[in-house]
Amino acid sequence: MQRDISNFRKSYSKNIINEDSVPESPMNLFDNWFNDATSIKGDFEPNAMTLSTIDNKGFPKGRVVLLKFYSDEGFIFFTNYNSEKSVSISDNNKVSISFFWEQLERQVIIKGYADKTSNKISDEYFNSRPKGSKIGALVSSNQSSVIDSRVILEQRFKKLTKEFSNKEIKRPVNWGGFLVKPIEYEFWQGGDNRLHDRIRYSLIDKKWKIDRLSP
Ligand SMILES: Cc1cc2nc3c(=O)[nH]c(=O)nc-3n(C[C@H](O)[C@H](O)[C@H](O)COP(=O)(O)O)c2cc1C
């Protein structure tokens, strides 16, 4: 099979960013851009981000997870602590998260350190989830392990739905959040003739240094 897609080409011209007018704090710029992303029309998840981790053989892997909270401390997502990503994080907690907001011609890439959130944060978020999602977390108690068929999942879902029809579902201990504490942000804004803007913030001695990168 062979396919030539070299003529897939798009021009970018929606906006420019200037290092002289960006906020001192990258989180403020992220917040501005995230607000813009929330106003994108259509069935779209602005909080979908690619989480990249490195496994114990040195291979990187990226997969999409949902950002659920952000603050000056960092970025929080939730997952299964037995999953491949969580195992990789326990070996090497240097991670990257990235957002691509196509409609805005923007990308944000963040590097940082991931650590488990407190039980309190994980409990509060788990308790706020719809019952079906809670049961789903129980069904996939060993996320990323090999299973025989989809039927097994459906049967488990049915059984647990019955079992918990009148009972509260507590957060499984192997399910919870990670907080990614950023040390670097790169904000990318697509530009005309491939003259894209790339503004990087690097955390040096607890201060954010701002640089423009060549596109
Ligand atoms: C839009 C979207 C949102 C997702 N959100 C999450 C999430 O918040 N947490 C999660 O564990 N997996 C989420 N997933 C599934 C992950 O991409 C991935 O399949 C799963 O976490 C297992 O990854 P791992 O085996 O690399 O650990 C999402 C997938 C998509 C496409």
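Residues numbered from 1 in each chain as written. Predicted model: local features only at pLDDT ≥ 70, side-chain atom pairs only at ≥ 80, totals over all residues.

A. Fine view of the overall build of the chain. Secondary structure summary: the chain contains five helices and eight strands in total. Dimensions along the principal axes, computed over C-alpha positions, put the chain at roughly 60 × 50 × 40 Å. Looking at the 215 residues of the chain, the share that counts as buried comes to 20%. Counted over contacts in the chain with a minimum sequence separation of 6, partners at least 24 positions apart contribute 61%. (Helix = DSSP H or I, 4+ residues; strand = E, 2+ residues; numbered from the N terminus. Buried ≥ 20, exposed ≤ 12 C-beta atoms within 10 Å, placed from the backbone. Contact = placed C-beta atoms within 7 Å.)

B. Geometry of the pairing of strand 5 (residues 106-116). Pairing of strand 4 (residues 94-101) with strand 5 involves eight bridges; the strand directions are antiparallel. Bridging across to strand 5, phenylalanine 100 finds its partner in glutamine 107. Counting the residues in the hairpin turn of strand 4 and strand 5 gives four residues, including glutamate 105, whose phi is positive at 55 degrees. As judged from the eleven bridges shared by strand 5 and strand 6 (residues 175-189), these two strands associate in the antiparallel manner. Opposite isoleucine 110, over in strand 6, you have tyrosine 185 as the bridge partner. (Pairing = 2+ DSSP bridges.)

C. Region of interest: the site of the ligand. Around the ligand sit 16 residues in total, of which Thr79, Ser83, Glu84, Lys85 and Ser144 are the nearest. Breaking the shell around the ligand down by element, the ones donating at least two residues are strand 2 (60-71), strand 3 (74-80) and helix 2 (84-91). By residue class, the composition of the shell around the ligand is six nonpolar, five polar and five charged. (Near = placed C-beta within 6 Å. Nonpolar A, V, L, I, M, F, W, Y, C, P; charged D, E, K, R; others polar.)

D. Main features of unusual backbone geometry. Even without glycine at this site, arginine 194 takes up a positive phi of about 65 degrees. Within the secondary structure layout, arginine 194 lies in the loop between strand 6 and strand 7 (197-204). With 9 C-beta atoms packed within 10 Å, arginine 194 lands in the exposed category. One non-glycine residue, lysine 206, lies in the positive phi region at around 65 degrees. If you trace the backbone, lysine 206 turns up in the loop between strand 7 and strand 8 (207-212).

E. Region of the structure containing the packing of helix 4 (residues 131-139) against helix 5 (residues 150-163). Running from N to C, helix 4 and helix 5 cross one another at 125 degrees; their axes reach a closest spacing of 9 Å. The angle between helix 4 and helix 5 falls in the class oblique. In this structure, the crossing between helix 4 and helix 5 has a hand that is right-handed. For the pair helix 4 and helix 5, contact is made by Ile135, Leu138 and Val139 and by Leu153, Arg156, Phe157, Leu160 and Thr161, respectively. Here the residues of the contact of helix 4 with helix 5 are counted per class, giving six nonpolar, one polar and one charged. (Axes fitted to C-alpha atoms, helices over the stretch in contact; angles between N-to-C directions. Parallel < 35°, antiparallel > 145°, perpendicular 65-115°, else oblique. Left-handed = near helix turned anticlockwise from the far one by under 90°.)

F. Here's a closer look at the nonpolar core. Val95, Ile97, Val108, Ile110, Phe178, Val180 and Tyr185 are the most contacted members of the largest nonpolar core, which totals 21 residues. Where this core is concerned, the elements lending two or more residues are helix 1 (26-38), strand 1 (48-54), strand 3, strand 4, strand 5 and strand 6. Looking at this core, the element that brings in the most residues is strand 6, giving six residues. The residues touching tyrosine 185, leaving out its near neighbours within four places in the chain, are Pro26, Phe30, Val108, Ile110 and Tyr201. (Core = buried A, V, L, I, M, F, W, Y, C linked by C-beta atoms within 7 Å.)

G. A look at helix 1. Between its terminal C-alpha atoms helix 1 stretches 18 Å, which fits the 18 Å expected from 13 residues at 1.5 Å a residue. Of the residues making up helix 1, those classed as buried are Pro26, Phe30 and Trp33. Down the axis of helix 1, the buried side of the element spans an arc of 70 degrees, and every buried residue falls inside it. Away from its buried face, by an angle of more than 90 degrees, helix 1 presents the exposed residues Asn28, Asn35 and Thr38. Tucked into the core, helix 1 has its buried residues touching strand 5, strand 6, strand 7 and strand 8. (Expected span 1.5 Å × (residues − 1). Arc of directions from axis to C-beta.)

H. Structural context of the pairing of strand 2. In the sheet, strand 1 pairs with strand 2 via seven bridges, with the strands oriented antiparallel. Of the residues in strand 2, the one forming a bridge with methionine 49 is valine 65. What sits between strand 1 and strand 2 in their antiparallel hairpin is a turn of five residues, with glycine 58 showing a positive phi close to 90 degrees. With antiparallel pairing between neighbouring strands as the criterion, strand 2 and strand 3 make up a hairpin whose turn holds two residues.

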